[in-house]
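Residue strings, one per chain:
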Amino acid sequence: MSTTGLNTIEKKAAFSLASVFGLRMLGLFMILPVFAIYGQELEGYSPIWLGLAIGAYGLTQALLQIPMGILSDKFGRKPVILAGLVVFLLGSIVAAMSETIYGVVFGRALQGMGAIASAILALAADLSREEQRPKVMATIGMFIGLSFTLAMVLGPIVAQAFGLSGLFWVIAILTVLAMLLIQFMVPYSVNKAPRGDNVALPAQLNKLIRNPQLSRLNWGVFILHMALTACFVTLPTQFVASGLTLDHHWQLYLPTLLGSFFLMVPFMIIAIKKQKENQMFSAAVGLLTLALIFLWYLPSSFWILVVLMVMFFTAFNYLEATMPSILSRLAPAGVKGSVMGIYSSSQFLGAFAGGVIGGIISASFGDKAIFLVMAIFSLFWLVISLGMQPLKKSKSFSFSTKITCEQQAEEVAEVLINMPGVIEATLVHTEAVAYLKVDEKVADLLAIKALLNK
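Residues numbered from 1 in each chain as written. Predicted model: local features only at pLDDT ≥ 70, side-chain atom pairs only at ≥ 80, totals over all residues. Heavy atoms only, no water.

J.: Whenever I open this one, the side chain of Lys78 confuses me. Can you help?
T.: Tracing the backbone through its elements, the reader meets Lys78 in helix H4 (residues 77–97). Residues within four places of Lys78 in sequence aside, it is in contact with Leu123, Ile182, Gln183, Val186, Pro187 and Tyr188. (Helix = DSSP H or I, 4+ residues; strand = E, 2+ residues; numbered from the N terminus. Contact = heavy atoms within 4.5 Å.)

J.: Would you mind going over the environment of Trp250 with me for this structure?
T.: By the secondary structure assignment, Trp250 is in helix H12 (residues 250–273). Its relative accessible area of 29% is what places Trp250 among the partly exposed residues. Between the C-alpha atom of Trp250 and that of Pro67, which follows or precedes it by 183 residues, the distance is 37 Å. (Buried < 20%, exposed > 50% of the residue type's maximum accessible area, 1.4 Å probe, protein only.)

J.: I tried to follow the sheet that holds strand E3 (residues 433–438) on my own but got confused; where do I start?
T.: Two strands in a sheet stick together by hydrogen bonds in their backbones, pointing the same way (parallel) or opposite ways (antiparallel). Across the sheet, which stays open at both edges, the three strands sit in the order E1-E3-E2 with antiparallel pairing between neighbours. Edge positions in the sheet fall to strand E1 (395–400) and strand E2 (422–428), since each has one partner strand and no second. On average, each strand axis in the sheet is tilted by 15 degrees relative to the strand beside it, whichever way the strands run. Where E1 and E3 come together, six bridges link them in antiparallel fashion. (Pairing = 2+ DSSP bridges. Axes fitted to C-alpha atoms, helices over the stretch in contact; angles between N-to-C directions.)

J.: Whenever I open this one, the packing of helix H17 (residues 406–417) against helix H18 (residues 445–452) confuses me. Can you help?
T.: Axis angle and axis distance: for two packed helices, these are the angle between their axes and the distance between the axes, and together they describe the pair. As a packed pair, H17 and H18 sit with axes 11 Å apart at the nearest point and diverge in direction by 170 degrees. By the angle between their directions, the pair H17 and H18 is classed as roughly antiparallel. The way H17 lies across H18 gives a crossing that is right-handed. Residues Val412, Val415 and Leu416 of H17 pack against Ile448, Leu451 and Leu452 of H18. Here the residues of the contact of H17 with H18 sort into six nonpolar, no polar and no charged. (Parallel < 35°, antiparallel > 145°, perpendicular 65-115°, else oblique. Left-handed = near helix turned anticlockwise from the far one by under 90°. Nonpolar A, V, L, I, M, F, W, Y, C, P; charged D, E, K, R; others polar.)

J.: What am I meant to see in the packing of aromatic side chains here?
T.: Aromatic ring pairs are defined here through the distance separating the ring centres and the angle between the ring planes. All told, the structure shown has 17 aromatic pairs when counted by the stated rule. Considering the side-chain rings of Phe29 and Phe148, the 5.1 Å spacing of their centres and the 85 degrees angle between planes classify their relative orientation as edge-to-face. Of this pair, Phe29 sits in helix H1 (residues 8–29) while Phe148 is found in helix H7 (residues 133–184), placing the two residues 119 residues apart along the sequence. Centre to centre, the rings of Tyr57 and Phe348 are 6.3 Å apart; their planes meet at 80 degrees, and the pair counts as edge-to-face. Residue Tyr57 is found in helix H3 (residues 47–75), and its partner Phe348 is found in helix H15 (residues 336–365); the two are separated by 291 residues along the sequence. Each member of the pair, Tyr57 as well as Phe348, is classed as buried. Three or more aromatic residues joined by ring pairs make a cluster, and in this case those are Phe29, Phe148, Phe312, Phe313 and Phe316. (Phe/Tyr/Trp six-rings, centres within 6.5 Å; stacked < 30°, edge-to-face > 60°.)

J.: Looking at this structure, how should I read the nonpolar core?
T.: Nonpolar side chains in soluble globular proteins generally cluster together in the buried interior. Counting residues in each nonpolar core, the largest one holds 133 residues, and the members touching the most others are Phe35, Leu292, Phe312 and Trp381. With 18 residues, H7 is the single largest residue contributor to this core. Contact partners of Leu292, with chain neighbours within four places excluded, come to Ala227, Cys231, Phe312, Phe371, Met374, Ala375 and Ser378. Counting 17 residues, the second-largest nonpolar core is a separate cluster that includes Phe399, Ala434, Val438 and Leu451. (Core = buried A, V, L, I, M, F, W, Y, C linked by side-chain atoms within 4.5 Å.)

J.: Looking at this structure, how should I read the packing of H3 against H4?
T.: Contact geometry for H3 and H4: axes closest at 7 Å, N-to-C directions at 135 degrees. The angle between H3 and H4 places the two elements in the oblique class. Note on element contacts: H4 touches H3 through Arg77, Pro79, Val80 and Gly84, opposite Met68, Gly69, Leu71, Ser72, Asp73 and Phe75. Residues that form the contact of H3 with H4 fall into these classes: five nonpolar, three polar and two charged.

J.: Got a minute to help me understand the pairing of E3 in this structure?
T.: Each regular strand carries side chains that alternate between the two faces of the sheet. Extensive coverage of E3 is indicated by the burial of six of its six residues. Residues Val433, Tyr435 and Lys437 of E3 are buried on one face, and the alternating residues Ala434, Leu436 and Val438, pointing to the opposite face, are buried as well. The sheet contact formed by E2 and E3 spans six bridges and is antiparallel. Bridging from a neighbouring strand, Leu427 pairs with Ala434 of E3.

This is the structure:
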């Protein structure tokens, strides 16, 4: 079996799970560019309820993300993922059939209760070898980014053609398609990744939440998604006010998002080749802050909005793409699942907070004030990002071992930590697994495996 590329099962798992994740995120995101306009037609409309409808899924996602991952560890990945998709489908149907804003809020909250992200990532880990796991996860991440871009383009087109109710029916159809993919395309688990790699361990959560380096990223993703959701409480109406009708919004989103992907490349090149990751990270947060300040201060003419949207999404896409990578390098060996669980919950809580805060600010102080408040939060993020420690080049691995007692585990761990290129080593003798963080260019993986299997 080749260790230099994905095998057949890994390829099938990567693209089928990425497609499921992408279809589901597409369903969540498609409402963003249109609800500020179409939501006004619903009975009971107010800016506060509009914000709740946009962000309601975030609260239930945040609350259930870690429990659903733990349930998948107990009852199996596929059953939990399918159950989550059924709940998401029910939420889409409730929202599609609702004529009041309250019904849509309930439907969106129900959508969020189908919190399957952690279970999908756990299944992806189960179906891939440790040396190929980063490629599988990168494929899923790429599809999430693509789903956001498609949602911004397709949302206005679908809503213009079928209305808000039709949009939710399309989301329901996409969910059924995702269920079929899970049932018939995703391979059954043939490998079992160690629990610490992919599922949150409750005993670790409190300690990891207090970790100062990890908390900077958790606060960051919270603020990033809060700003995104809050801005979309008002941005669609501002586009319409600038003279762009809803059926033409895709003509703004498509070049804006594509342009931002190209513009974030220099950030990545400087960060990687010049080893300026922390500086480029802070620069991206600074760019986000500037975009929000200008959205508040400058008049909402069409071309000003276009330029500021390019600035906003250049920063957003760079930060969204780089934070998981930074997180994986900062995560202590053996608790990556717990670290990602806290990060994901922070992300979805941010989306909920953005909808609620955006709605309250819009109702109390007007739409423009949303950008100012989000700029203040982003400025806070910029300040705390300056305290990030330099990142070490490292990659996390998990290995099976033949170590069955605590004394032997301690002895082997002591040897491992003194081997060239080994940054961190954690041995869990009760699970016969070793978690290592290493510098691949220096570490001898074959020698490490040999030591662990003596």
